[in-house]
Amino acid sequence: MEFQLPEYNLRMMLPEIFLFLWALVVFLFDLLSRRRRESAVGYLTLLGLLICGGLLATTGYGRGFGKMFFSDPMALFFKIIFLGSAFMAVGSSFGIIKQKIVNHRGEYFGLILLSTVGMMFLASSQELLSLWIGLELTTIPLFVLAAFFKDDKLSVEAGVKYFVFGAFSSALLLYGFSFLYGMSGTTEIVAMKMNLAALFIANGSLGVVPLVAMVMIIAGLGFKLSLPPFHQWAPDVYEGSPTPIAAFLSVGSKAAGLVAFAKIFVNGLWAFWGAEMAPNDWGYLTGILACAAMIYGNVVAIRQTNIKRMLAYSSIAQAGYIMIGMVAVNEWGLEAVAFYVFAYMFANMGAFAIVAIVEDKTGSCQIGTYRGLSQSSPGLAACMAVFLLSLAGIPPLAGFLAKYKVFAAAISLAGRSQDYTWLYWLAGVGLLTAVFSLYYYANIIKQMYFSAEESPYRIKPNPPAVAVVAIGLIGVVLFGIYAEPILQFVKDIPAATGVIPR
Amino acid sequence: MEFPYLSSLIFVPIFGMVVVMLLPKENHKAIRWTATIISLVPMLVTFWLTWDYFVNFSGSAAMAYQEGPYSWIPSLNVQYFLGVDGISVPMLFLTGLLSTLSLLGSFGITNRVKEYFAFFLLLEAGMMGVFVALDFFLFYVFWEIMLVPMYFLIGVWGGPRKEYAAIKFFLYTLFGSIFMLVSILILYFTSEPHTLNMMTLIETCPTLSHSLQMVCFIFFFISFAIKVPVWPFHTWLPDAHVEAPTAVSVILAGVLLKMGTYAMLRVSWPMFPDALRTLSFWIAILGVIAIIYGALVSMAQKDLKKLVAYSSVSHMGYCMLALAAFSSVTAIAGCMFQMVSHGLITGALFLLVGVLYDRAHTREIAAFGGIGAKLPVYSGIMIFFSMAALGLPGMSGFVSEFMIFVGAFGALSKVLVGISVLGVVLGAAYMLRMVQRIFLGEFDMAKWGGLTEINFREIVTVAPLMVLTVAIGVYPAPLSNLMRATLENLVTLMAR
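Residues numbered from 1 in each chain as written. Chains lettered and ligands numbered in written order. Predicted model: local features only at pLDDT ≥ 70, side-chain atom pairs only at ≥ 80, totals over all residues. Heavy atoms only, no water.

### Overview of the overall build of chain B
Then, number 1: Each helix and strand in chain B was counted, giving 21 helices and two strands.
Then, number 2: Its C-alpha atoms put chain B at 75 × 60 × 45 Å along the principal axes.
Then, number 3: Considering chain B as a whole, with its 496 residues, one finds that 66% of them fall into the buried category.
Then, number 4: Here chain B has roughly 15800 Å² of accessible surface; of this, 69% comes from carbon and sulfur atoms.
Then, number 5: Distance between charge centroids for chain B: 8 Å, based on 25 positive and 24 negative side chains. (Helix = DSSP H or I, 4+ residues; strand = E, 2+ residues; numbered from the N terminus. Buried < 20%, exposed > 50% of the residue type's maximum accessible area, 1.4 Å probe, protein only. Areas by Shrake-Rupley, 256 points an atom, 1.4 Å probe, with all protein chains shown as cover. Lys, Arg positive; Asp, Glu negative; His and termini not counted. Charge placed at Lys NZ, Arg CZ, Asp CG, Glu CD.)

### Focus: the domain arrangement of chain B
Residue and element names in this part refer to chain B.
Then, number 1: Annotation of chain B at the domain level lists domain 1 (1-271) and domain 2 (277-496).
Then, number 2: Contact with domain 1, which involves 54 residues of that partner, is made by 51 residues of domain 2.
Then, number 3: Buried area between domain 1 and domain 2, summed over both chains or domains, comes out near 4500 Å², and the portion from carbon and sulfur atoms is 80%.
Then, number 4: It is Trp231, Leu265 and Trp269 that lose the most area in domain 1 upon contact with domain 2, and together they represent 15% of the buried surface on that side.
Then, number 5: Counting across the domain 1 and domain 2 interface gives zero salt bridges.
Then, number 6: Where domain 1 packs against domain 2, one counts twelve residue pairs in polar contact (both at pLDDT 80 or more).
Then, number 7: At the level of secondary structure, the elements contributing two or more residues to the side of domain 1 that touches domain 2 comprise α2 (28-57), α3 (88-105), α8 (198-204), α9 (210-227), α10 (236-243) and α11 (246-271).
Then, number 8: Classifying every residue of the side of domain 1 that touches domain 2 by side-chain character gives 37 nonpolar, 14 polar and three charged. (Domains from an automatic or database assignment. Contact = heavy atoms within 4.5 Å. Buried area = accessible area lost by both parts, 1.4 Å probe. Salt bridge = Lys/Arg side-chain N within 4 Å of Asp/Glu carboxyl O. Polar contact = N/O pair within 3.5 Å; in protein donor to acceptor, adjacent residues only side chain to side chain. Nonpolar A, V, L, I, M, F, W, Y, C, P; charged D, E, K, R; others polar.)

### Structural notes on helix α11 (residues 243-268) of chain A
Three or four residues apart is the spacing at which side chains of an α-helix point the same way, because the helix has 3.6 residues per turn.
All names here are of chain A.
Then, number 1: For α11, built from 26 residues, the straight-helix expectation of 38 Å at 1.5 Å per residue is met to within 8% by its first-to-last C-alpha distance of 35 Å.
Then, number 2: Its axis deflected by about 35° at Leu249, α11 carries its strongest bend there.
Then, number 3: In terms of burial, α11 is largely enclosed, as 26 of its 26 residues are buried. (Expected span 1.5 Å × (residues − 1). Bend = angle between axes of the 7 residues up to and from the residue.)

### Observations regarding the pairing of strand β1 (residues 64-73) of chain B
Residue and element names in this part refer to chain B.
Then, number 1: In the sheet, β1 pairs with strand β2 (residues 78-84) via five bridges, with the strands oriented antiparallel. Following the sheet pairing, Glu67 is matched in β2 by Leu82.
Then, number 2: Taken together, β1 and the strand that follows it, β2, pair antiparallel across an intervening segment of four residues, in which Asn77 is found at a positive phi of about 55°. (Pairing = 2+ DSSP bridges.)

### Examining a nonpolar patch on the surface
Residues and elements named next belong to chain A.
Then, number 1: Judged by side-chain polarity, Tyr8, Leu10, Ile17, Phe20, Leu21 and Leu24 come together as a nonpolar surface patch covering roughly 530 Å² of accessible area.
Then, number 2: Mapped onto the elements, Ile17 comes out in helix α1 (residues 14-32).
Then, number 3: What makes Ile17 partly exposed here is its relative accessible area of 31%. (Patch = residues over 30% accessible without salt bridge, like charges linked within 9 Å, V, L, I, M, F, W, Y side chains within 5 Å.)

### Quick look at the pattern of salt bridges
Residue and element names in this part refer to chain A.
Then, number 1: As enumerated under the stated definition, the model contains 16 salt bridges over all chains in all.
Then, number 2: Here Lys161 and Asp236 are joined by a salt bridge, their closest N and O atoms 2.5 Å apart. A residue pair is termed long-range when its members are at least 10 positions apart, and Lys161 in helix α7 (residues 153-184) and Asp236 in helix α10 (residues 233-240) qualify at 75 residues.
Then, number 3: Residue Lys161 is classed as partly exposed on the basis of its relative accessible area of 25%.
Then, number 4: The exposure class assigned to Asp236 is buried, which follows from its relative accessible area of 19%.
Then, number 5: Note that Arg309 is salt-bridged to Glu239, the shortest N-O span being 2.6 Å. With a gap of 70 residues between them, Arg309 in helix α13 (residues 307-327) and Glu239 in helix α10 connect regions that are remote in the sequence.
Then, number 6: Glu239 sits in the partly exposed class, given a relative accessible area of 22%.
Then, number 7: Because the salt bridges share partners, they merge into one network encompassing Glu157, Lys161, Asp236, Glu239 and Arg309.

### A closer look at the packing of aromatic side chains
Aromatic ring pairs are defined here through the distance separating the ring centres and the angle between the ring planes.
Then, number 1: With the rule as written, the count across this model stands at 74 aromatic pairs over all chains.
Then, number 2: A ring pair is formed by Phe136 of chain B and Phe220 of chain B, whose centres lie 5.7 Å apart and whose planes are at 15°; its orientation type is stacked. One end of the pair, Phe136 of chain B, is in helix α5 (residues 136-145); the other, Phe220 of chain B, is in helix α9, and 84 residues separate them in sequence.
Then, number 3: We classify Phe136 of chain B as buried; its relative accessible area is 0%.
Then, number 4: A network of ring pairs unites the aromatic residues Tyr449 and Phe450 of chain A together with Trp33, Phe107, Tyr116, Phe117, Phe119, Phe120, Tyr151, Phe152, Trp157 and Phe170 of chain B as a single cluster.
Then, number 5: One cation-aromatic arrangement involves Lys227 of chain B over Trp143 of chain B; the distance from NZ or CZ to the ring centre is 4.8 Å.
Then, number 6: The side chain of Arg363 of chain B reaches across the aromatic face of Tyr357 of chain B, ending 4.7 Å from its centre. (Phe/Tyr/Trp six-rings, centres within 6.5 Å; stacked < 30°, edge-to-face > 60°. Lys NZ or Arg CZ within 6 Å of the ring centre and 35° of its normal.)

### Considerations on the side chain of Glu16 of chain A
All names here are of chain A.
Then, number 1: Residue placement: Glu16 occurs in helix α1.
Then, number 2: A residue is classified by how much of its surface remains accessible, and Glu16, at 3% relative accessible area, is buried.
Then, number 3: Excluding anything up to four places from it in sequence, Glu16 contacts Phe69, Lys79, Val117, Met120, Phe121 and Ser124.

### What to know about the interface of chain A and chain B
Then, number 1: In this assembly, 33 residues from chain A lie in contact with 34 residues from chain B.
Then, number 2: Between chain A and chain B the total buried area reaches about 3300 Å² when both faces are included, carbon and sulfur atoms providing 79% of it.
Then, number 3: Sorting the residues of chain A by area buried against chain B places Tyr404, Val435 and Phe450 of chain A first, and these three jointly supply 22% of that buried surface.
Then, number 4: Scanning the region where chain A abuts chain B turns up six residue pairs in polar contact (both at pLDDT 80 or more).
Then, number 5: With eleven residues, helix α18 (residues 422-449) of chain A is the single largest residue contributor to the side of chain A that touches chain B.
Then, number 6: Its residues placed into classes, the side of chain A that touches chain B shows 24 nonpolar, five polar and four charged.

Here's what the structure looks like:
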């Protein structure tokens, strides 16, 4: 047998390579410049992300490293989300950098970039092992970042907790992968799909092994997505880690988990989702987790007094909504997932940016701190209200359109066949819990607006943070009213990932 | 292209909101007048539309002044599609008029004036949008947009329990909306080709299976019934009304409640005639319960504003009764008359309650007595509207109730209509008792000697309502001619 070296096609990987090198530049710059200008390294990071975005735009579609590295619409779209959330996380970090981090600014920003590289790599990989490596590259820098306030017990606790849970979930994931590899003899997702199908046709059934593999993988990714019952780490980690890192965790890292999920299940195992595959299908299990996430996240968020914890539970719930789109495997499903994450990025990063701004000024994340904010800082309060209303899904903001698409995906699939009518119930649970969610989002608005007394804090945010809030605001409003270009873009995603409409 | 009248109704208030937000915070006078003057534009446009519709379009049931359908979000088949017919024109008229009057009635707001007027204009844009939208997505968007300013208006400027009332209103209505959203999505995916265009769906929906019609009908009904509010979904209303500032109560009673009945006539009634036939008896029962229950509860109220609020439940019950008698044009016309007349009368009553509250700082009925001697003009106006509310002949309330009873008597169970007529007696009882206890009897000079008479601005806010109440009461023909063709068409659609 003649062995052929695969075509490397490094050009496809240019953005990732660039960002990796830029991370090293950021480390070095901080070291060499002797930390004279406190914000310089931050601006350098932002610049790197912008250039990387430019490179991404010029790269185009294609593949490299044989069949390992794909640049397709889904990869591109999610890379935009990763870069966007990294940009917004870095932009809202300037206050913390100034006040709390003196000696490790380069590390802080460099690690964010490295984690972003991991996410981007993950989004492009079409193969289980490189996917897993991408996921590890995403999370390992985040362990460090979560524990970045070394003298703060909560932050250290967050780091350790995240590390223990993360390592455990990675192991589970890898174990699940090993079953899939054992059955199909390949780690390449498309080939795996073919081999499993051939095996199924030959034997008439696949036994219980795929079920074990799926449970392992769903559990492993469930940790990343913080779906109950694998969500326990999320509130503590969000509370303890630096606020921009919590934001990055809730958007970037979650989006990475979603990409992995979409690649393995929606792309690789989509034929396993269906009544004919019972009990080996992953649809029910994911649906139950989504329900649990929406109910648990939304109900528990109501009781929170710390805004970061509240947003943590809210992000658990939001993951539940996204999973509805994931379960609805048809031409609407993945589109809905992609658009939801996109809309969620603007609203959630914006909300966290404001939390960071308020925390820089007041040192507190208690919801009571926001009392009367609308009178001392009307602009900030108004933006926060818009972000929260978008998260709650009130039109005409982007969050509403995202929810609309997700529920539309579920209902369209539910209407097609008797086997899927349970998706009506899933959508029903989602809609009902969306009403609950309004209660706690509105609670923040109530604190900011309904109080007669004026807040004692006069907040003057720094320019990058203002820019982040502005990006969030523009994204939430613009893509609520005029979302057509994005919707057109996400239309290509299901076709590119091989999902055939049911 | 013709001038986009309907879009102007939506976007002029939004423009006004932006202008108000740009004004300096301290200059209360400028903010108030800017908002009021800008709101004159949509008001005059609605007046002109009413006149022009009456003259040129009232002969046919077709949509007039159509804008679109323009593609808004092509990949979701969402269109920007506006149009009006005989049931939306009176509602637009009411919205335009009451918005301006309420803004005029809000000059007493001294706290956070800028935000108040900005939210108010946003609210107006949302209301106008609901009455002109002919695309389901657009309709839903406006239906929801309105909740946000309402939440703020009740929550910031409301009474002692404002926070509770505001969130209750918001959650209740949102709860209803999700049912609407599910139905909209089901209709979208069952229609072939997929569409959100209401006009197309009215044509195609009656061919759906009976069970699907029932599901969609009930979902829409829950959503709209919460807005009306139909017993047993009414509990948000007394809280919201009592805590809301005066002008917001006016809008709530005058326009928001009508959205529920309007949406029933626009959407669920013509779309699901099968389901309507199956359920009309139960809708009538709900209507009768609302009429009697609302009246009885009103009678027990100690707070003047609460009394008016519960009387709204009772009055909207008549609308539900009329809607249940869907085979009768008279009843449906009565429903429309009742919507307009309740908007005028209850709007005025809330304004007047506000006038008294501003001076006396209490709304407890028992605290007053003999006010008629001290404030003759105010008392005269208040008694006028109380009489209108209890259905005195010669005023609009009588016309609408009469039409509803005549229409429903032929179309519904006579026992039910017989019971609901009792509501008129009960209505007279609570209104007259209230008039007696506040305006007649002994005057407490020590306590109320300082009360001042209603001022010119306040008279200006209620005078147009008085004129219209009498005009419709004495000569209802123009209004009924304006609606006739549309209503006849609706009744044939519902008879499919």
